[in-house]
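What follows is each chain in one-letter form.
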Amino acid sequence: MPRTPHDPLANVMFPPEMIMQHQRELGLTDQQKTYMRTEIGKTSARFNDLQWQLQDAMEALHETMKSSIVNEQQALAQLDKVLETEREIKRLHMELAIKIKNTLTPEQQQKLQSIRHARGTGMGVGHGPGTGPGGPGPRPRRPGGPGMGPGSGPTPRPPQFDF
């Protein structure tokens, strides 16, 4: 998935998948692994709830918008619900990314930076906390835009982790 250009967080946050792929190399302690599993589990459950809320809000917005005459206040109020849920999803991903980073020692963070640099990738927020609750990953659909009606685009997927 392409990253947002000039993402200031791309090189400072670490996707959970990257951490788990290199857990031995990083020397993760059992305590670190347990903490990450617990936080990712909590975040996954909340993420799934929010995905249901987002889908429901998108369907309601679609219903409002399909009339030949749209009730502007009702449509904008429903849009606000969609945007608030999307904001909450992004905040949830960032919260997990911060918790994970704060669990790592400075040496482990440096090692991850070296691994990232060696791969030549800029995996960051857009590739971790959002491919699952590790950060903003498959992005929730946004209504609007030319040819993009509410509910168009791929359905957001639940997070995937290899713990």
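One numbering rule holds for all chains: residues counted from 1, following each sequence as written. The predicted origin of the model limits local features to residues at a pLDDT of at least 70 and limits the giving and counting of side-chain atom pairs to 80 or more, whereas totals for whole chains, interfaces and linings rest on all residues. Hydrogens and waters are ignored; side-chain quantities use all the structure's heavy atoms.

**Q** Give me the overall build of the protein chain: which residues, what numbers.
**A** The numbering of helices and of strands both runs from the N terminus, where a helix is a DSSP run of H or I of at least 4 residues and a strand a run of E of at least 2. Helix and strand counts for the protein chain stand at five helices and two strands. Using a 1.4 Å probe on the protein chains alone, a residue whose accessible area is under 20% of its type maximum counts as buried, one over 50% counts as exposed, and one in between counts as partly exposed. Within the protein chain, the fraction of its 163 residues that count as buried is 40%. Note on contacts: a residue pair qualifies if any of its non-hydrogen atoms lie within 4.5 Å across the two residues. The long-range fraction of contacts in the protein chain, counting pairs at least 24 apart against all pairs at least 6 apart in sequence, stands at 77%. Computed with the Shrake-Rupley method and a 1.4 Å probe, the accessible areas treat only the protein chains shown as cover for residues. Accessible area of the protein chain: about 9,400 Å², with a carbon and sulfur share of 54%.

**Q** Tell me about the confidence of the model for the protein chain, and name the residues and values.
**A** Looking at the protein chain, pLDDT values average 79 and 69% of them are 70 or higher. Within a predicted model, pLDDT stands for the predictor's per-residue confidence, ranging from 0 to 100. In the model, residues 122–163 has pLDDT below 50 throughout and makes 125 contacts with residues more than four positions away in sequence or in other chains.

**Q** Summarise the environment of Tyr-35; cite the residues concerned and give the values.
**A** Along the polypeptide, Tyr-35 turns up in helix α3 (residues 30–65). Judged by its relative accessible area of 33%, Tyr-35 is partly exposed. As for Tyr-35 and Ile-100, which are separated by 65 residues in sequence, their C-alpha atoms are 8.5 Å apart. Those residues in contact with Tyr-35 that lie beyond four places of it in its chain are Lys-99 and Thr-103.

**Q** Please give an account of the nonpolar core that cites residues and values.
**A** Grouped burial of nonpolar side chains is what soluble globular proteins tend to show. Here the nonpolar core consists of buried residues drawn from Ala, Val, Leu, Ile, Met, Phe, Trp, Tyr and Cys, with membership extended through side-chain atoms lying within 4.5 Å. Counting residues in each nonpolar core, the largest one holds 13 residues, and the members touching the most others are Ile-19, Leu-28, Met-36, Ile-100, Leu-104 and Leu-112. When contributions to this core are tallied by element, the ones reaching two or more residues are α1 (16–21), α3, α4 (72–103) and α5 (106–119). When residues in this core are grouped by element, the largest group, three residues, is from α1. Judged by nonpolar contacts, the second largest core, of nine residues, contains Leu-50, Leu-54, Met-58 and Leu-92.

**Q** Could you give me a rundown of the pattern of salt bridges, with the residues and numbers involved?
**A** Any Lys or Arg side-chain nitrogen found within 4 Å of a carboxyl oxygen on Asp or Glu counts as a salt bridge. In this structure the tally under the stated criterion is eight salt bridges. In this structure, Lys-66 and Glu-63 form a salt bridge, with 3.1 Å as the shortest nitrogen-oxygen distance. In this structure Lys-66 comes out as exposed when scored by relative accessible area, which is 54%. Bridged by salt links that share partners, the residues Glu-39, Lys-42, Arg-91, Glu-95 and Lys-99 form one connected network.

**Q** Could you give an account of the packing of α3 against α4, with specific residues and numbers?
**A** Between the N-to-C directions of two axes lies an angle of 0 to 180 degrees, each axis being a line fitted to C-alpha atoms and, for a helix, fitted only over the stretch in contact. For the pair α3 and α4, interaxial distance at closest approach is 9 Å and the crossing angle is 170 degrees. Taken together, the axes of α3 and α4 lie roughly antiparallel to each other. The labels follow the angle: roughly parallel below 35 degrees, roughly antiparallel above 145, roughly perpendicular from 65 to 115, and oblique for the rest.

**Q** Give me the lowdown on α5, citing residues and values where you can.
**A** Residue count minus one, scaled by 1.5 Å, sets the expected span of a helix. Given a rise of 1.5 Å per residue, 14 residues ought to cover 20 Å, and the 20 Å separating the end C-alpha atoms of α5 matches this to within 8%. Turning to α5, its buried residues number three or more, namely Gln-108, Gln-109, Leu-112, Ile-115 and Arg-116. Seen end-on, α5 carries its buried residues on one side only, within an arc spanning 120 degrees. Opposite the packed face of α5, turned more than 90 degrees from it, sit the exposed residues Pro-106, Glu-107, His-117 and Ala-118. Taken together, the buried residues of α5 touch α1, α2 (23–26), α3 and α4. As used here, the arc is the angular range of directions from the helix axis to the C-beta atoms.

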